[in-house]
Amino acid sequence: MAAVCTHHQVLPTPASMSSINISKSSQTQLLSRSHLLNRNRPTFLTSTPHLHTTSKPQSKPHILCSQSTNPKAARRPDYIPNRISDPNYVRIFDTTLRDGEQSPGASLTSKEKLDIARQLAKLGVDIIEAGFPAASNDDFEAVKMIAKEVGNSVDKDGYVPVICGLSRCNKKDIKRAWDAVECAKRPRIHTFIATSAIHMEYKLRKTKEQVVEIARDMVSYARSLGCDDVEFSPEDAGRSDREFLYQILGEVIKAGATTLNIPDTVGYNVPSEYSQLISDIKSNTPGIENVIISTHCQNDLGLSTANTIAGASAGARQLEVTINGIGERAGNASLEEVVMTLDCRGDHVLGGLYTGINARHIYITSKMVEEYTGLHVQPHKAIVGANAFAHESGIHQDGMLKHKGTYEIISPEDIGYERSNEAGIVLGKLSGRHALKKRLEELGYELADDQLETIFWRFKAIADQKKRVTDADLRALVSDEVFQPEVVWKLHDLQVTCGTLGLSTATVKLFDADGREHVACAVGTGPVDSAYKAVDLIVKEPVTLLEYSMNAVTEGIDAIATTRVLIRGENSHITTHALTGETVQRTFSGIGAGVDIVVSSVKAYVGALNKMLGFKESSPTKVPVERTPVSA
């Protein structure tokens, strides 16, 4: 159920029940490639809400977001492509798997995309843009798999997400997109072409008349395939001539478009400007009453969320977003920021706007996307950042001890983030499987028996070295086990010798997918370098290490270290870039966690290799660059 702001009248919270991060030291080391390696290498659960209630009111109520009551979210309107029965309902269009994956290093395997799509369905997004089917065979198969599995999984309330495929305005792309999504219960084709003067002149080299003709014909072609849900985007609408926008949008409406997306493709607009753009389109486009208006705001000036909310206030009823705001260049409007803004302020200042998002799945979805893409969320990120609910200054702590509403407009439990253990369970070396399973469930993880068994024994090993295992430790362990790619190679043993008296040497034992043992020894400039060289001797897959970073997830000398690496294979792992139409080499990230930083580093490296080796070779559909529109 989505959240809504409501008035709560409550007594000050006793200190014993407060949740304050007194001090949080996040040890972060960015180890440069030149200093460390100096070479090129050839089903989740919903947590129980914690409501802020007491029997004795204060003299002045305060506003606090809460999930306790929101009857509107239970009334998600029946899906009709070009109409929403409730004028206050706002559709959430998630493009994490398409625009989000365009972030450098965020390449996802088909399995990872399917996992994220399932989680997006649990989150309750209305439309999942599953990818760009024409980019490669792997992208096509991933979108098709999501359409089959997630696009036909109808819940008890009749909800099933729309599965959308992106296409440029040409028949090959559109047919490819339709072939990928048509098996979904609610399929959609999203096609686009540039409309700004600078794009039409320098990129498309086409006149306004030619662009209108292409847009009209391609929307009509999409409808002729049997698709009754077609979205059209005039790329770079934020810098396009108004009269031309009204003309081309009117033509695609007549051709059968059901949703008109108005992208601020380069993040150029400010909120008042973007709001006026939506208002002008709504007032001047013929037939606009027969379609849904959508927003798609990039974050180049840091205004994507503000512009998106401004667009909704002006009449847009579909908002295009990504988890954690990932995406091309500076990213997109962040789902969590947009949704929680509507949840918190929708009734009070936005005329009653609301979504169907189950906000209690936001945090776990954010963590899944972070782990799968390898794109870390900055600590000060709104809603899901590590410091979003941390209070360290004395004045803030004093206020929080007296009343949480003094400095929190959102309770962390509203987004599924548990910062306290209500059962009073402290996990340590004497804890059993039941206590571990219970705490993982409280944190939002539902694990299969074999996954729980593996994590239990890793938990016991950590507990033998630490007095207490924290929630951050548990999340790191789950990420290291559950959010890993399919196994091609698995680290079994590692031994290193290093220091000032001699050359660093590493011996590595890996198991392949068939369980066969492989051992190699190598000498390097340091323990990680020598270990990576030993892995290379076994795997025999030439790659270039692009990035290496390490982060201590908790305080103390015994903290678990999380390592992230980014690699690029020297063999051809290519895809078609939706922005430029050109083929680009994919990069692959890997994450490893452990108390031993060398072990976590090798796990991360092996994980990245597994992702790359498990990736299907791509055969991009090439379209001449001068005829290729840029995506919204």
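Criteria and cut-off values
Residues numbered from 1 in each chain as written. Predicted model: local features only at pLDDT ≥ 70, side-chain atom pairs only at ≥ 80, totals over all residues. Heavy atoms only, no water. Phe/Tyr/Trp six-rings, centres within 6.5 Å; stacked < 30°, edge-to-face > 60°. Helix = DSSP H or I, 4+ residues; strand = E, 2+ residues; numbered from the N terminus. Buried < 20%, exposed > 50% of the residue type's maximum accessible area, 1.4 Å probe, protein only. Pairing = 2+ DSSP bridges. Axes fitted to C-alpha atoms, helices over the stretch in contact; angles between N-to-C directions. Contact = heavy atoms within 4.5 Å. Arc of directions from axis to C-beta. Polar contact = N/O pair within 3.5 Å; in protein donor to acceptor, adjacent residues only side chain to side chain. Salt bridge = Lys/Arg side-chain N within 4 Å of Asp/Glu carboxyl O. pLDDT = per-residue confidence, 0-100. Right-handed = clockwise from strand over helix to strand, strands pointing away.

### With respect to the packing of aromatic side chains
Counted according to the given criterion, the structure contains 4 aromatic pairs. Residues Tyr 89 and Tyr 354 carry aromatic rings whose centres are separated by 5.3 Å and whose planes lie at 75° to one another, so their mutual orientation is edge-to-face. Here Tyr 89, found in the loop between strand 3 (62–66) and strand 4 (91–94), pairs with Tyr 354, found in the loop between helix 10 (335–349) and helix 11 (362–373); they are 265 residues apart in sequence, far enough to count as distant. There is no split in this pair, since Tyr 89 and Tyr 354 are both buried.

### A word on the sheet that holds strand 12 (residues 489–497)
The strands making up a sheet associate through backbone hydrogen bonding, with each pair oriented either parallel or antiparallel. Judged by pairing direction, the sheet is antiparallel, and its 3 strands sit side by side in the order 12-13-14 without closing on themselves. This sheet does not close on itself; its edge strands, each paired only once, are strand 12 and strand 14 (517–524). Averaged over all pairs of adjacent strands, the angle between their axes in this sheet comes to 20°, without regard to strand direction. Contacts from helix 16 (residues 527–539) reach strand 12, strand 13 (504–512) and strand 14, with the element oriented near 140° to strand 14. On top of the sheet, helix 17 (residues 597–613) reaches strand 12 and strand 13; it is set at about 145° to strand 12, its chief contact.

### Quick look at the sheet that holds strand 6 (residues 162–168)
Taken in spatial order, the 8 strands line up as 4-5-6-7-8-9-10-11 and close into a barrel, and their pairing is parallel. Taking the axes of each pair of neighbouring strands and ignoring which way they run, one obtains an average angle of 25° across the sheet. Against the sheet, helix 7 (residues 242–255) engages strand 8 (230–235) and strand 9 (259–264), with an angle of about 165° to strand 8.

### A few points about helix 4 (residues 171–181)
Among all positions in helix 4, only Asp 173, Ile 174, Ala 177, Trp 178, Ala 180 and Val 181 are buried. Buried residues of helix 4 fall within an arc of 160° about the axis and therefore sit on the same side. Looking at the buried side of helix 4, the elements it contacts are helix 3 (137–149), strand 6, strand 7 (187–194) and helix 6 (208–224). Put simply, Asn 170 is the residue that caps the front of helix 4, since its side-chain oxygen is 3.3 Å from the backbone nitrogen of Lys 172.

### A short note on the pattern of salt bridges
According to the stated counting rule, one finds 32 salt bridges in the structure shown. The closest approach of N and O atoms between Asp 99 and Arg 98, which form a salt bridge, is 3.8 Å. Between Glu 149 and Arg 118 there is a salt bridge whose closest N-O contact spans 2.6 Å. On the criterion of sequence distance, the pair formed by Glu 149 in helix 3 and Arg 118 in helix 2 (residues 110–123) is long-range, its members being 31 residues apart.

### A closer look at the environment of Lys 460
Here Lys 460 is to be found in helix 14 (residues 449–465). Sequence separation between Lys 460 and Arg 433 is 27 residues, and the spatial gap between their C-alpha atoms is 9.9 Å. Looking at Lys 460, its side chain comes within polar contact range of the main-chain oxygen of Ser 431, at 3.4 Å.

### Examining the confidence of the model for the chain
Detailed reading of predicted coordinates is not advised where the pLDDT is low. The predicted model of the chain averages 82 in pLDDT, with 80% of residues at 70 or higher. Scored below 50 in pLDDT, residues 66–72 makes 22 contacts in the model with residues more than four places away or belonging to other chains. Counting interchain partners and residues more than four positions distant, the pLDDT-below-50 stretch residues 617–632 has 75 contacts.

### Comments concerning unusual backbone geometry
One non-glycine residue with positive phi stands out, namely Asn 324, at about 65°. Considering the arrangement of structural elements, one finds Asn 324 in the loop between strand 11 (318–321) and helix 10. Non-glycine residue Arg 329 carries a positive phi angle of around 55°.

### Side note on the pairing of strand 5 (residues 127–131)
Of all 5 residues in strand 5, 5 are buried, a share of seventy percent or more. Alignment of strand 4 against strand 5, held across 2 bridges, turns out to be parallel. Across the sheet, residue Phe 93 finds its bridge partner in strand 5, namely Ile 127. In terms of handedness, the path from strand 4 via helix 2 over to strand 5 forms a crossover that is right-handed. Of the strand pairs in this sheet, strand 5 and strand 6 are connected by 4 bridges, and their pairing is parallel. Its bridge partner being in strand 6, Ile 128 is matched across the sheet by Ile 163. Once the chain exits strand 5 it traverses helix 3 before rejoining the sheet at strand 6, and the crossover so formed is right-handed.

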